[in-house]
Amino acid sequence: MSIYYLDRFYKAPCIAVTVDCAVRAASQLAPRCKPVRVCVWPGDAPEVIEVFCEGGPSLKLMREASPSLLAEYYAGEKDCFQL
């Protein structure tokens with residue numbers, strides 16, 4: 001698992017790509033982050049989960065640190081919801 005934050009990849013403290021772990025990772029990496037919105041891609045078996053922080057940058061929990069996976073995420077249809 002990997003985290004993409006502020007244009008860099010970091011090792012994620014997660015064993016799976018889940019919303020809970022993505023929100024926890026956002027709080028650990030950006031202590032001032034108040035998660036307000038989440039986008040999941042693709043649907044039922046997510047490879048990328050993006051957490052948006054109130055008034056700040058977003059963080060992506062990814063299956064792997066891969067620029068091509070990131071490009072697929074940006075091009076793909078995402079399921080988003082408010083927290």
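Keep in mind that this is a model prediction, so the values were computed, not measured.

> It is not clear to me how the overall build of the protein chain should be interpreted in this structure. Could you clarify?
A tally of helices and strands in the protein chain yields two helices and six strands. When the helices and strands of the protein chain are read in sequence order from the N terminus, they spell out β-β-α-β-β-β-α-β. For the protein chain, the C-alpha radius of gyration of 11 Å lies close to 12 Å, the compact-globule estimate for 83 residues. Considering only C-alpha atoms, the protein chain reaches an extent of 30 × 25 × 20 Å along its principal axes. Here the protein chain holds 83 residues, and 39% of them are scored as buried. A separation of at least 24 residues holds for 52% of the contacts in the protein chain among residues at least 6 apart in sequence.

> Where do I start with the side chain of S66 in this structure?
If you trace the backbone, S66 turns up in the loop between β5 (58-62) and α2 (67-75). Assessed through its relative accessible area of 10%, S66 is described here as buried. A distance of 3.0 Å separates a polar atom in the side chain of S66 from a polar atom in the side chain of S68.

> Mind showing me how you'd approach the sheet that holds strand β4 (residues 48-53) here?
Strand-to-strand pairing in sheets goes through backbone hydrogen bonds, with the strands running parallel or antiparallel. One open sheet holds the six strands; their spatial order is β2-β1-β5-β4-β3-β6, and the pairing between them is antiparallel. For this open sheet the edge positions go to β2 (8-11) and β6 (79-82), each flanked by a neighbour on one side alone. Neighbour-to-neighbour, the strand axes of this sheet turn through a mean angle of 20 degrees, independent of strand direction. Direction of pairing for strand β1 (residues 2-5) relative to β2: antiparallel, over a ladder of four bridges. Directly across from I3, in β2, lies its bridge partner Y10. Relative to β5, helix α1 (residues 19-29) is tilted by about 130 degrees, and along the sheet it contacts β1, β2, β3 (35-41), β4, β5 and β6. Strand contacts of α2: β1, β2, β3, β4 and β5, with the helix running at about 115 degrees to β5, the strand carrying the most contacts.

Basis of the calculations
- Residues numbered from 1 in each chain as written.
- Predicted model: local features only at pLDDT ≥ 70, side-chain atom pairs only at ≥ 80, totals over all residues.
- Heavy atoms only, no water.
- Helix = DSSP H or I, 4+ residues; strand = E, 2+ residues; numbered from the N terminus.
- Rg over C-alpha atoms; globule rule 2.2 N^0.38 Å.
- Buried < 20%, exposed > 50% of the residue type's maximum accessible area, 1.4 Å probe, protein only.
- Contact = heavy atoms within 4.5 Å.
- Polar contact = N/O pair within 3.5 Å; in protein donor to acceptor, adjacent residues only side chain to side chain.
- Pairing = 2+ DSSP bridges.
- Axes fitted to C-alpha atoms, helices over the stretch in contact; angles between N-to-C directions.

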